[in-house]
Amino acid sequence: METVMTQSIKITKVTQSRVSEVNLENITMGTNFSDHMFICDYVNGEWQNARIEPLALIPTHPAAMALHYGQAIFEGMKATLGKDGTPLLFRPEENAKRLNFSADRMGMPLFPEDLFVEALKQFTALEKEWIPTQEGSALYLRPFMYADEAFIGMRAATSFKFIVMGSPAGPFFSRKIKLYAEKKYVRAVNGGTGEAKAAGNYAAAIRPTEYAKAKGYDQVLWLDAQDFEYIQEVGTMNIFFKIAGKFITPSLTGSILSGITRMSVIDVLRDKGYEVTERPITISEIIEASKNGTLEEAFGTGTAVGIAMIEEIGNNDLSIKFPAENPVSVMVNDTLNAIKVQHIEDKFGWIVEAK
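The paragraphs below set out a description of the structure included in this document. (Residues numbered from 1 in each chain as written. Predicted model: local features only at pLDDT ≥ 70, side-chain atom pairs only at ≥ 80, totals over all residues. Heavy atoms only, no water.)

### Re the overall build of the protein chain
Counting secondary structure elements, the protein chain contains seven helices and 19 strands. On C-alpha atoms alone, the protein chain measures out to a radius of gyration of 21 Å, which is about the 20 Å that the 2.2 N^0.38 rule sets for 355 residues. With respect to the principal axes defined by its C-alpha atoms, the protein chain has extents near 65 × 50 × 35 Å. Long-range pairs, those at least 24 residues apart, make up 71% of the contacts in the protein chain between residues at least 6 apart in sequence. With the model as given, the accessible surface of the protein chain reaches about 15,800 Å², and the carbon-plus-sulfur share is 51%. Side-chain charges in the protein chain split into 36 positive and 44 negative, and the spacing between the mean points of these groups amounts to 2 Å. (Helix = DSSP H or I, 4+ residues; strand = E, 2+ residues; numbered from the N terminus. Rg over C-alpha atoms; globule rule 2.2 N^0.38 Å. Contact = heavy atoms within 4.5 Å. Areas by Shrake-Rupley, 256 points an atom, 1.4 Å probe, with all protein chains shown as cover. Lys, Arg positive; Asp, Glu negative; His and termini not counted. Charge placed at Lys NZ, Arg CZ, Asp CG, Glu CD.)

### Remarks on the layout of surface pockets
Size it by volume and the largest pocket reaches roughly 780 Å³. Lining the largest pocket we find 36 residues, and of these Phe74, Tyr202, Gln219, Gly235 and Thr236 sit closest to its centre. Secondary structure elements with two or more residues in the lining of the largest pocket: β8 (138–147), α4 (199–214), β11 (219–223), α5 (260–271) and β16 (295–302). Residue classes in the lining of the largest pocket are distributed as 15 nonpolar, 12 polar and nine charged. Considering the residues around the second largest pocket, the lining is formed by 32 residues, among which Glu135, Gly136, Ser137, Pro171 and Asn337 are closest to the centre. Those elements that place two or more of their residues in the lining of the second largest pocket are β6 (77–81), β17 (306–315) and α7 (327–340). Ranked by residues supplied to the lining of the second largest pocket, first place goes to α7 with five residues. Among the residues making up the lining of the second largest pocket, the classes are represented as 14 nonpolar, 12 polar and six charged. (1 Å grid on protein atoms, 1.4 Å probe; cavity = no way out; pocket = protein on both sides within 12 Å on 5 of 7 lines; lining within 4 Å. Points joined across faces, edges and corners; volume = space filled by probe spheres on them. Nonpolar A, V, L, I, M, F, W, Y, C, P; charged D, E, K, R; others polar.)

### Comments concerning the pairing of strand β9 (residues 160–169)
In terms of burial, β9 is a largely internal element, nine of the 10 residues being buried. Of the strand pairs in this sheet, strand β3 (residues 36–43) and β9 are connected by five bridges, and their pairing is antiparallel. When the sheet's bridge partners are listed, Asp41 is paired in β9 with Lys161. For β8 and β9, the ladder comprises 10 bridges, and the chain directions are antiparallel. In the strand pairing of β9, Ala147 is matched with Phe160. (Buried < 20%, exposed > 50% of the residue type's maximum accessible area, 1.4 Å probe, protein only. Pairing = 2+ DSSP bridges.)

### A short note on the pattern of salt bridges
Going through the model one piece at a time under the given rule, you end up with 17 salt bridges. With its nearest N and O atoms 3.7 Å apart, the salt bridge here joins Arg18 to Asp35. Pair noted here: Arg18 is in the loop between β2 (9–13) and β3 and Asp35 is in the loop between β2 and β3, with a separation of 17 residues, a long-range link. Glu53 serves as the salt-bridge partner of Arg51, at 3.3 Å between the closest nitrogen and oxygen. For Arg51, a relative accessible area of 13% translates into the label buried. A relative accessible area of 25% means that Glu53 is categorised as partly exposed. It is possible to trace a salt-bridge network through shared partners that takes in Asp41, Arg51, Glu53, Asp148 and Lys161. (Salt bridge = Lys/Arg side-chain N within 4 Å of Asp/Glu carboxyl O.)

### A closer look at the packing of aromatic side chains
Applying the stated criterion across every chain yields a total of 16 aromatic pairs. Ring centres 5.6 Å apart and planes at 90° place the aromatic pair Phe247 and Tyr274 in the edge-to-face group. Of this pair, Phe247 sits in strand β14 (residues 246–249) while Tyr274 sits in the loop between α5 and β15 (276–278), and the two are 27 residues apart along the sequence. A cation over a ring is seen here: Lys178 above Tyr217, with NZ or CZ 5.5 Å from the ring centre. Positioned above the aromatic ring of Phe90 is the side chain of Lys340, whose terminal nitrogen or guanidinium carbon lies 4.9 Å from the ring centre. (Phe/Tyr/Trp six-rings, centres within 6.5 Å; stacked < 30°, edge-to-face > 60°. Lys NZ or Arg CZ within 6 Å of the ring centre and 35° of its normal.)

### With respect to the side chain of Lys161
Summarising the element assignment, Lys161 is placed in strand β9. Within polar-contact distance, the side chain of Lys161 engages the side chain of Asp148 at 3.1 Å. Setting aside its immediate chain neighbours within four residues, Lys161 contacts Ile39, Cys40, Asp41, Trp47, Ile58, Phe144, Met145, Tyr146 and Asp148. (Polar contact = N/O pair within 3.5 Å; in protein donor to acceptor, adjacent residues only side chain to side chain.)

### Concerning α5
A rise of 1.5 Å per residue sets the reference length of α5, with its 12 residues, at 16 Å; its end C-alpha atoms lie 17 Å apart and thus fit the reference within 8%. Of all the positions in α5, only Ile260, Thr261, Arg262, Ser264, Val265, Ile266, Val268 and Leu269 are classed as buried. Of the residues flanking the end of α5, it is Gly273, one or two places downstream, whose phi is positive at about 95°. (Expected span 1.5 Å × (residues − 1).)

Keep in mind these numbers describe shape, not what the thing actually does.
The following block contains the structure:
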């Protein structure tokens, strides 16, 4: 193996890449992983030993605290190729900020944001050949942090690992999706961990999502925990509605994840002249807009899904159908995708070259 030092990150490369064994033109995210991983250890109160090395199993003690007490957080990002073949990242500094927001909520150490961005840049540059080239595809990047201290007891851990790994991914949803408005289970409550990107949030959503899929839906539309009336977010997405020419999206009230695609979509819509309001939204309001003909479009936003157009929201006693045409949703999706591969000007300054 070849070892070099770059920007205080030790890099040990694989002797032979596995990328030729994978068909990047037809791939599902999370089923194949690129050659390397970035690792950094939190020991004795500081992050140390930043390194990129061949992807491998990680020795874990059975008493690792993440396994017992759930101190685990993650981020989702995508790397694309620019017009000259340069690997590109999309707003990585925002992921660094959000990771630390989650870490603070979960009693975990903050990770240096400049090292976060530098690690992603060097990792992505090294894994350039793993970035698919077809439209809507990308190398999905998964930075995550977990407590690896071996201890059985209810307190904050004192040692952690921060890791970045990559998985090539094709377009997530190539069709419109159907959402199940959940009226029994809840995702989050104010004061809980809903606004953190904590692993446990997703664990709690697995069973309700399976129930929704068994009923013919794709994901859960989460409602508030008190009245099951206020719309929060979708399983892996924030949500937008277009009513009477204007866009609305639930405000960040303490139980909703602050999506980076969400904030980017708000900027794109306003740049295109649309009014966007962040405020509480009730399911009753959406039903009424559907009945009076002012409900025009709806879509979900997220790193993994991009823009997912919504066909229907329903459950046993509810059915909201959306118009067949989604012109603004298509425009937003095309605009973001074009920015990410430098087909149009990045007037917002979102793109960071990984080289």
